[in-house]
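Fold and contact review
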Number of protein chains: 2
Amino acid sequence: MVNYPNKKKPVVSITPASKPKHYTSHRGMSLEEDIGLSNEYYLVNDRAVIYKKPTPIQIVKVDYPKRSAAKIVEAYYKKPSTTDYNGVYKGKYLDFEAKETKTDHFPFANIYKHQIDHLKRVLDHGGIAFIIIAFTHRNEVYLIDASFMIEAYYHSEHKSMTYEDIKEKGHIVKQGFIPRLSYLDIIDEYYL
Amino acid sequence: MVNYPNKKKPVVSITPASKPKHYTSHRGMSLEEDIGLSNEYYLVNDRAVIYKKPTPIQIVKVDYPKRSAAKIVEAYYKKPSTTDYNGVYKGKYLDFEAKETKTDHFPFANIYKHQIDHLKRVLDHGGIAFIIIAFTHRNEVYLIDASFMIEAYYHSEHKSMTYEDIKEKGHIVKQGFIPRLSYLDIIDEYYL
């Protein structure tokens, strides 16, 4: 999935008439995968301890076959009560949600009210809370402090934040080979 | 499950010859339930934001019936990569595991090596890391700093910590009606 130096670039990327590079398509990775790899890099390099929480599942029925692992045969997805990611960086509590959008709007329908309220609580208790938003058609990723999202969610007349809002109030996240998304650099520069 | 004031106490608890009260039986609650209720109390009273992480599940097959929720029909339990609980308290990152034991030993077989390593990393990054251990036959609950557990896990000749060790190095957690387990009082007194 990675173009190594000795490999010829595919024609598409040197043809000016080609489609613009998409965040999710130029490497075939989703935002979630990129954040996962970045967190792994940060962990292995002893820079931070940040994990994605498991997806909450309501388990209804489990079979216990002889001589093999318990098998869940009926279960349902539950709404998450919090955000997807949290952890510790330089002694501080970090908490964030990550979302992709294909347009120049981030619609509030993409985030649950109780996730907004959770981020508010984290801020109130002295944690660092933010949202990472990928504008996939632009191949740009931003980190925006949760306070701006909470403010807009509760007080804006619109039901979304625009690309311009997020660009103005947030910080662009540097993309690279490793880590994929250097989002902790923004924490260093603007939070600590 | 709770004995309200106007309800007569069951005979067993006023008979001197009755069995000693067990942590898990005198209210019919498990340690996990008590911590869950304590965390809810702390959340509602705006004292801390601490959650249990969802159980990690490996999803293999999902059915998408028409007009109803996606149904997971094959899934398996995965080993947790971290601990069960984390959150933010007074700006600090808190991370812990909770375990019950029926004897005067806490066997290291009850905790995964990668959970011990995770707690070590949390400490290295300036977080507060501990283990809450309930000695169910004694109806006593202790909070012990992860550093003691890590030390014993890697350097003790025994494959367990004793009740005496934990009593000496840890702190007893006050039990009550609400919160069930006042474990944040120990954080206030010994950590902050």
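Scoring rules and cut-offs
- Residues numbered from 1 in each chain as written.
- Chains lettered and ligands numbered in written order.
- Predicted model: local features only at pLDDT ≥ 70, side-chain atom pairs only at ≥ 80, totals over all residues.
- Heavy atoms only, no water.
- Least-squares fit on C-alpha atoms with pLDDT ≥ 70 in both.
- Contact = heavy atoms within 4.5 Å.
- Core = buried A, V, L, I, M, F, W, Y, C linked by side-chain atoms within 4.5 Å.
- Buried < 20%, exposed > 50% of the residue type's maximum accessible area, 1.4 Å probe, protein only.
- pLDDT = per-residue confidence, 0-100.
- Buried area = accessible area lost by both parts, 1.4 Å probe.
- Salt bridge = Lys/Arg side-chain N within 4 Å of Asp/Glu carboxyl O.
- Polar contact = N/O pair within 3.5 Å; in protein donor to acceptor, adjacent residues only side chain to side chain.
- Helix = DSSP H or I, 4+ residues; strand = E, 2+ residues; numbered from the N terminus.
- Pairing = 2+ DSSP bridges.
- Axes fitted to C-alpha atoms, helices over the stretch in contact; angles between N-to-C directions.
- Phe/Tyr/Trp six-rings, centres within 6.5 Å; stacked < 30°, edge-to-face > 60°.

1. Let's talk about the relation of the copies chain A and chain B
The two copies are related by a screw motion: chain A maps onto chain B through a turn of 180° and a shift of 0.0 Å along the axis, at an RMSD of 0.0 Å. Both chain copies can therefore be described as sitting about a two-fold axis. The residues that chain A uses at the interface reappear at the interface of chain B in 100% of cases, marking a shared surface.

2. A closer look at the nonpolar core
Core analysis: the largest hydrophobic core is formed by 46 residues, its most contacted members being Ile133(A), Met149(A), Ile166(A), Ile133(B), Met149(B) and Ile166(B). Ile166(A) has contacts with Phe106(A), Ile133(A), Phe135(A), Tyr142(A), Ile144(A) and Met161(A), leaving out every residue within four places of it along the chain.

3. Thoughts on the confidence of the model for chain A
All names here are of chain A. Averaged over chain A, the pLDDT score is 88; the fraction of residues at 70 or greater is 85%. Note that pLDDT drops below 50 for residues 1-22; the model gives that stretch 13 contacts with residues more than four away or on any other chain. Listed scores for the predicted complex are pTM 0.84 and ipTM 0.83.

4. Topic: the interface of chain A and chain B
Taken together, the contact between chain A and chain B spans 37 residues of the former and 37 residues of the latter. Summed over both partners, the interface of chain A with chain B comes to about 3,100 Å²; 66% of that surface belongs to carbon and sulfur atoms. On the surface where chain A and chain B come into contact, there are zero salt bridges. Linking chain A to chain B there are seven residue pairs in polar contact (both at pLDDT 80 or more). Only strand S1 (49-52), strand S2 (57-63), strand S3 (71-77), strand S4 (85-89), strand S5 (92-101) and helix H2 (113-124) of chain A provide two or more residues apiece to the side of chain A that touches chain B. By residue number, the principal contributor to the side of chain A that touches chain B is S3(A), which donates seven residues.

5. Some remarks on the sheet that holds S2(A)
The antiparallel open sheet is built from four strands, whose spatial order is S2(A)-S3(A)-S3(B)-S2(B). Looking along the sheet, the strands with just one partner apiece sit at the ends: S2 of chain A together with strand S2 (57-63) of chain B. When strand polarity is set aside, the average angle formed by the axes of neighbouring strands in this sheet is 35°. Taken together, the four bridges between S3(A) and strand S3 (residues 71-77) of chain B define a ladder with antiparallel strand orientation.

6. Re the packing of aromatic side chains
Taken as a whole and judged by the stated rule, the model has 23 aromatic pairs over all chains. Relative to Phe130(B), the ring of Phe96(B) lies with its centre 4.7 Å away and its plane at 10°, an arrangement referred to as stacked. One end of the pair, Phe96(B), is in strand S5 (residues 92-101); the other, Phe130(B), is in strand S7 (residues 128-135), with 34 residues separating them in the sequence. Residues Phe96(B) and Phe130(B) agree in their burial class; the two are buried. Aromatic rings pair up to connect Tyr41(A), Tyr42(A), Tyr85(A), Phe96(A), Phe130(A) and Tyr183(A) into one cluster.

7. Comments concerning the pairing of strand S7 (residues 128-135) of chain A
All names here are of chain A. Within S7, eight of the eight residues are buried, which leaves it mostly tucked inside the rest of the structure. Of the two faces of S7, the one holding Ile128, Phe130, Ile132 and Ala134 and the one holding Ala129, Ile131, Ile133 and Phe135 are both buried throughout. Pairing of S5 with S7 involves eight bridges; the strand directions are parallel. If you follow Glu97 over to S7, its bridge partner there is Ile131. Pairing between S7 and strand S8 (residues 140-145): six bridges, direction antiparallel. Paired with Ile132 across the two strands is Leu143, which belongs to S8. If you look at the hairpin formed by S7 and S8, you'll find four residues sitting between the two strands, and Asn139 has a positive phi there, around 55°.

8. A short note on helix H3 (residues 146-155) of chain A
Considered for burial, the residues of H3(A) that qualify are Ala146(A), Met149(A), Ile150(A) and Ala152(A). At its buried positions, H3(A) is contacted by strand S6 (105-107), H2, S7, S8 and strand S9 (160-162) of chain A.

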